[in-house]
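Observations on the three-dimensional arrangement
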Protein chains: 2
Amino acid sequence: MYTESVENYLKAIYKLSSRQGGGYASTKAIAEVLEVRSASVSKMLQRLEKMGMVHHRSYQGVQLTSQGRRIALRTIRRHRLLETYLYEVLGYSWEQLHSEAELLEHYISDLFEAKIDEALGFPTHDPHGDPIPSKEGKMPDIQHIALANVEVPGEVVIARVPDSSAQFLCYLKEVGLLPKVSLKVLRKEPFNGPLLVVLGDREQVIGREVAGKIWVKKKRDLIDGGRIDEENS
Amino acid sequence: MYTESVENYLKAIYKLSSRQGGGYASTKAIAEVLEVRSASVSKMLQRLEKMGMVHHRSYQGVQLTSQGRRIALRTIRRHRLLETYLYEVLGYSWEQLHSEAELLEHYISDLFEAKIDEALGFPTHDPHGDPIPSKEGKMPDIQHIALANVEVPGEVVIARVPDSSAQFLCYLKEVGLLPKVSLKVLRKEPFNGPLLVVLGDREQVIGREVAGKIWVKKKRDLIDGGRIDEENS
DNA sequence: ATCTAAAATTAGCCTTGACTAATTTTAAAT
DNA sequence: ATTTAAAATTAGTCAAGGCTAATTTTAGAT
């Protein structure tokens with residue numbers, strides 16, 4: 001078992017380095033995410049290097065090793081499974097989820113992880129819609145369109161539409177989202193505002209209500225090393 | 001929130017000092033329970049004293065303050081609620097219970113405690129039959145006769161008999177355990193062996209099968225400060 | 001090509017909670 | 001009343017993981 005601190009550093013590095021293509025996280029960014037000073041980060045990076053968790057090029061940045069990524073993904077998996085369990089089974093409210101999961105993710109056992117996974121029916125996404133990595137460290141390849149990464153807009157394909165009412169499907173056809181097309185998410189407004197997407201040669205606004213029911217999948221050539229999603233939660 | 005270490009010391013002191021009437025725990029005994037060296041205990045006791053958790057008379061022993069007892073009981077409550085939840089809801093096996101609860105007891109929130117308490121229907125005893133302290137730090141006053149403290153044999157009264165089949169009640173009457181009488185537990189054999197109890201002027205052997213269905217209550221004048229049970233679990 | 005500000009690192013300190021070794025206190029046996 | 005062994009405490013060390021202050025490196029502006 002690794003310490004809470006080590007797991008939090010690995011999680012932060014994972015999220016930061018997958019946020020942009022480069023794959024390197026800076027000391028300063030890590031310090032900001034974890035709310036510690038840069039000096040503490042520098043020191044920890046050396047310890048993580050010794051443990052074989054990261055490749056650290058001094059003054060350049062860090063990257064996870066496969067070992068480091070394994071632990072980061074395991075921690076993220078536990079966080080998201082916990083949030084799902086707290087929400088679905090124990091009736092936590094939205095705001096109470098994060099802080100509980102953020103701590104417990106470091107202390108539950110493999111068995112606990114397996115038990116809640118089973119109790120939930122092996123979910124692929126948490127209550128925020130974020131993908132839950134598999135036990136083997138693979139991210140599910142579909143996600144809510146509303147969560148598709150906007151900073152690095154990429155083409156996605158509609159993969160699943162859980163509301164199969166005639167009314168809803170009709171509406172999707174009307175605006176040209178069905179039959180399944182490839183599209184690009186251009187811009188998201190905050191606070192459940194609408195999305196702006198590119199459909200072939202034109203743009204289309206999609207309300208959040210609708211967006212919440214559309215699951216997309218990145219186009220195959222855009223997936224690099226299973227690193228699909230990097231939203232925080 | 002207190003550290004895992006602090007909570008474990010308080011739990012150990014609680015259990016040791018209620019194991020015998022005196023109410024003091026020795027440095028050596030604490031060291032043995034926690035599997036650390038005596039020197040480490042001495043140092044921690046000074047820290048706990050400063051925190052207002054214990055009264056420590058050098059070379060004599062320690063006792064919890066009411067503040068210390070509050071934290072110890074809260075930790076024990078969480079441990080036993082967790083074990084009950086893991087067993088009843090998540091389907092843990094007997095042997096898997098302890099280690100998971102032993103760690104998580106330090107990291108769950110008040111809310112988590114309340115949620116699993118509610119999900120279990122506010123249980124008073126864990127799967128081992130050990131009493132679960134209330135949120136206010138009161139031990140339920142009944143327990144399985146099989147768990148009644150043998151080192152300090154005390155008189156107890158039969159308080160509850162959950163198996164109300166005519167057959168079972170008949171048997172209890174036959175051996176003189178019903179209608180409710182006062183009795184004293186003399187000796188327990190290990191490995192689910194029988195109990196030997198004193199009933200008025202004679203002794204009676206009770207098999208574990210039967211014992212498991214008899215709940216007793218200490219006689220009022222034997223209860224000191226709510227400190228009724230001190231089995232480990 | 002140089003300068004400078006931001007980023008990163010190093011050096012040194014602190015607390016927690018372990019440890020060992022040395023010392024002190026207590027209590028039991030003579 | 002001494003002696004002595006066990007128990008307890010103190011002194012000093014170590015690793016994690018924070019911190020501040022000082023220094024070094026990098027990269028962007030001139």
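This is a predicted model, so every value here is computed, not measured. (Residues numbered from 1 in each chain as written. Chains lettered and ligands numbered in written order. Predicted model: local features only at pLDDT ≥ 70, side-chain atom pairs only at ≥ 80, totals over all residues. Heavy atoms only, no water.)

Strand direction decides the pairing type here: strand S1 (residues 54-57) of chain B and strand S2 (residues 61-64) of chain B, joined by 4 bridges, are antiparallel. Paired with His 55 of chain B across the strands is Gln 63 of chain B, a residue of S2 of chain B. (Pairing = 2+ DSSP bridges. Helix = DSSP H or I, 4+ residues; strand = E, 2+ residues; numbered from the N terminus.)

Quick look at the packing of aromatic side chains now. Applying the stated criterion across every chain, the model contains 3 aromatic pairs over all chains. Between the aromatic rings of Tyr 107 of chain A and Tyr 107 of chain B, the centroid separation amounts to 3.6 Å while the plane-to-plane angle is 5 degrees, which identifies the pairing as stacked. Of this pair, Tyr 107 of chain A sits in the loop between helix H5 (94-104) and helix H6 (110-119) while Tyr 107 of chain B sits in the loop between helix H5 (94-104) and helix H6 (110-119), placing the two residues on different chains. The pair Tyr 107 of chain A / Tyr 107 of chain B is uniform in exposure class, with both members buried. Taking 6.0 Å as the distance between ring centres and 85 degrees as the angle between the ring planes, the aromatic pair formed by Tyr 87 of chain B and Trp 94 of chain B counts as edge-to-face. Looking at Tyr 87 of chain B, the relative accessible area reads 34%, which means it is partly exposed. (Phe/Tyr/Trp six-rings, centres within 6.5 Å; stacked < 30°, edge-to-face > 60°. Buried < 20%, exposed > 50% of the residue type's maximum accessible area, 1.4 Å probe, protein only.)

Before going further, it helps to examine the relation of the copies chain A and chain B. In the superposition of chain A on chain B (RMSD 0.1 Å, axial shift 0.0 Å), the rotation amounts to 180 degrees. The two molecules are tied by a two-fold rotation axis, judged by turn and shift. When the interface residues of chain A are mapped onto chain B, 100% of them again lie at the interface, so the same face is used by both copies. (Least-squares fit on C-alpha atoms with pLDDT ≥ 70 in both. Contact = heavy atoms within 4.5 Å.)

Moving on: the protein's contact with DNA strand C. Close contacts around DNA strand C come from 22 residues, with Lys 28, Ser 42 and Gln 46 of chain A together with Thr 3 and Arg 47 of chain B the closest. A share of 73% is what sugar and phosphate atoms reach among the atoms of DNA strand C within 4 Å of the protein. In this structure, a phosphate oxygen belonging to DNA strand C sits 2.5 Å away from a side-chain N or O atom of Thr 3 of chain B. Arg 47 of chain B has a polar side-chain atom sitting 2.7 Å from a phosphate oxygen of DNA strand C. Among the secondary structure elements, those contributing two or more residues to the surface near DNA strand C are helix H2 (27-34) and helix H3 (38-50) of chain A together with helix H1 (4-19) and helix H3 (38-50) of chain B. Of the residues that constitute the surface near DNA strand C, the class distribution is 7 nonpolar, 10 polar and 5 charged. (Near = heavy atom within 4 Å. Polar contact = N/O pair within 3.5 Å; in protein donor to acceptor, adjacent residues only side chain to side chain. Nonpolar A, V, L, I, M, F, W, Y, C, P; charged D, E, K, R; others polar.)

What follows deals with the protein's contact with DNA strand D. Of all residues adjacent to DNA strand D, which total 22 residues, the nearest are Thr 3, Lys 43 and Arg 47 of chain A together with Ser 42 and Gln 46 of chain B. Close to the protein, within 4 Å, the atoms of DNA strand D belong to sugar or phosphate groups at a rate of 72%. A distance of 2.6 Å separates a phosphate oxygen of DNA strand D from a polar atom in the side chain of Arg 47 of chain A. Ser 42 of chain B is positioned such that a nitrogen or oxygen atom in its side chain is 2.6 Å from a phosphate oxygen of DNA strand D. Of all the elements in the fold, those that place two or more residues in the surface near DNA strand D are helix H1 (4-19) and H3 of chain A together with helix H2 (27-34) and H3 of chain B. Grouping the amino acids of the surface near DNA strand D by side-chain chemistry returns 7 nonpolar, 10 polar and 5 charged.

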